[in-house]
Amino acid sequence: MELLEIKDLNHMFGGLKAISSLNINVKSKMIYGVIGANGAGKTTLFNLITGIYHPTTGQILLDGISLVGKQSYEISRLGVARTFQNLRLFNDLTVVENIHVGQIYRRGLGKQKTKNLSAKINSLLNLFGLDARAEDKAGNLPYGMQRKLEIARALATEPKLLLLDEPAAGMNPHEVQGLVGLIKEVKRQYSDITIILIEHQMKLVEGLCDYATVMNFGQVIANGTVQEIQNNPVVIKAYLGEAEVG
Ligand SMILES: Nc1ncnc2c1ncn2[C@@H]1O[C@H](COP(=O)(O)OP(=O)(O)OP(=O)(O)O)[C@@H](O)[C@H]1O
């Protein structure tokens, strides 16, 4: 069953067509990759799904419900969470407080069963290896931990759909390997969740994604399994380059 259906989506920034006649279907419980060169329109796509921008034309359906025209907080409460390419943590709040903000964002203030929520915070701290830093300010964490905290905060909103915008950006190969294992563990523990990840690093896409879409200049140029994409001549020409495919 499709969780997310994007139909004939277009988005203009003035005279620039950032998203052009885009169609994507994401089945429930998949890990889905969106790849493409700088400026291909990947982050704009996430911004359209999450209501930061409203598309010029086209449809975005989550479980059959239209997201177009809705505000970001409404889309969050329908079950969409995201991380950002450039981290957007609350640096002066602690790790626990950052995760708690995610919970509040989903439920609203005053509707919380505190006991239940702190059990969930503890399980997220444990999953992301952040226990020992729980009371540290987010801004004082090493970069790799800050990236993990962003994912933990997004999960705290209890999403059906988690959008990860270049989760491995700025990480060294060892950290990327760790992140692959972590995302697999997230998927194991939250088996109903669907993940879309934007990524430049084929290693990460290879290690994680069931299916992927390649974008170029706002358009889809290929869909398929990672192997199909790596062997697709159009993709090789437009984006990957022979060195990366080999
Ligand atoms: N707010 C904006 N105003 C005007 N143009 C924008 C805006 N946001 C993005 N663009 C343009 O839209 C196009 C798509 O940008 P986008 O950031 O979505 O690409 P991307 O695939 O995410 O690239 P990157 O990998 O570099 O993040 C680019 O040409 C970019 O310059």
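The chain goes by ABC transporter ATP-binding protein in an unreviewed UniProt entry, where it is assigned to Desulfosporosinus fructosivorans.

*Asks:* Report on the site of the ligand, specifying residues and quantitative values.
*Replies:* The full set of residues close to the ligand is Phe13, Leu16, Ala18, Gly36, Asn38, Gly39, Ala40, Gly41, Lys42, Thr43, Thr44 and Gln85. Of the residues forming the shell around the ligand, the biggest block, 3 residues, is contributed by helix α1 (residues 42–49). Looking at side-chain class alone, the shell around the ligand contains 4 nonpolar, 7 polar and 1 charged residues.

*Asks:* Can you explain the sheet that holds strand β10 (residues 219–224)? Please cite residues and give values.
*Replies:* A sheet is described by the order of its strands in space; here 6 strands give the open sequence β6-β7-β8-β3-β9-β10, paired in mixed fashion. A single partner strand is all that each edge strand has here, and the edge strands are β6 (80–82) and β10. The sheet shows a mean angle of 20 degrees between the axes of neighbouring strands, taken without regard to direction. By the bridge criterion, 4 bridges tie strand β3 (residues 31–36) to strand β8 (residues 194–198) in an arrangement that is parallel. Note that in β8 the partner of Val34 across the bridge is Ile198.

*Asks:* Outline the sheet that holds strand β4 (residues 57–62), listing residues and values.
*Replies:* Pairing between the strands of a sheet comes from backbone hydrogen bonds, and it takes one of two forms, parallel or antiparallel. Spatial strand order, β2-β1-β4-β5: 4 strands in an open sheet with antiparallel pairing. Looking along the sheet, the strands with just one partner apiece sit at the ends: β2 (16–27) and β5 (65–66). Pairing of strand β1 (residues 2–13) with β4 involves 5 bridges; the strand directions are antiparallel. Note on β4: the bridge partner recorded for Ile6 is Ile60. Sitting on the sheet, α1 is in contact with β1, β2 and β4, with an inclination near 65 degrees to β2.

*Asks:* How would you summarise the domain arrangement of the chain if you had to cite specific residues and measurements?
*Replies:* Each domain of the chain was delimited in the assignment, giving domain 1 (2–79 + 159–245) and domain 2 (88–157). Computed from C-alpha coordinates alone, the two centres of domain 1 and domain 2 are separated by 24 Å. Taken together, the contact pairs 14 residues of domain 1 with 11 residues of domain 2. Of all elements in the fold, only α2 (72–77), β7 (161–165) and α6 (173–189) reach the threshold of two or more residues within the side of domain 1 that touches domain 2. Examining the composition of the side of domain 1 that touches domain 2, we find that 5 residues originate from one element, α6, more than from any other.

*Asks:* Can you break down the pairing of β1 residue by residue, with the values?
*Replies:* Bridging between β1 and β2 involves 8 bridges; their strand directions are antiparallel. When the bridges of β2 are listed, Phe13 appears paired with Leu16. From the end of β1 to the start of β2, which pair antiparallel, there are 2 residues, and Gly14 there has a positive phi angle of about 60 degrees.

*Asks:* How would you explain α1 if you had to name every residue and give the values?
*Replies:* A large share of α1 lies buried, amounting to 7 of its 8 residues. What α1 keeps buried is the set Lys42, Thr44, Leu45, Phe46, Asn47, Leu48 and Ile49. Looking one or two residues past α1, Gly51 carries a phi angle of roughly 80 degrees, positive in sign.

*Asks:* If you had to explain the nonpolar core to someone new, which residues and values would you point to?
*Replies:* Ranked by internal contacts, the top residues of the largest apolar core, which has 62 residues, are Ile49, Ala152, Leu155, Leu162, Leu163, Ile195 and Ala212. Two domains share this core, each providing at least three of its residues, namely domain 1 (2–79 + 159–245) and domain 2 (88–157). Excluding residues within four positions of it along the chain, Ile49 makes contact with Ile60, Leu67, Val80 and Leu163.

*Asks:* Could you give an account of unusual backbone geometry, with specific residues and numbers?
*Replies:* Look at Lys29: it is not a glycine, yet its phi comes out positive at around 75 degrees. Locating Lys29 in the fold gives a position in the loop between β2 and β3. With a phi close to 50 degrees, Asp63 is a non-glycine residue in the positive phi region. Along the polypeptide, Asp63 turns up in the loop between β4 and β5. You can call Asp63 partly exposed: it has 14 C-beta atoms within 10 Å.

The rules we used
Residues numbered from 1 in each chain as written. Predicted model: local features only at pLDDT ≥ 70, side-chain atom pairs only at ≥ 80, totals over all residues. Near = placed C-beta within 6 Å. Helix = DSSP H or I, 4+ residues; strand = E, 2+ residues; numbered from the N terminus. Nonpolar A, V, L, I, M, F, W, Y, C, P; charged D, E, K, R; others polar. Pairing = 2+ DSSP bridges. Axes fitted to C-alpha atoms, helices over the stretch in contact; angles between N-to-C directions. Contact = placed C-beta atoms within 7 Å. Domains from an automatic or database assignment. Buried ≥ 20, exposed ≤ 12 C-beta atoms within 10 Å, placed from the backbone. Core = buried A, V, L, I, M, F, W, Y, C linked by C-beta atoms within 7 Å.

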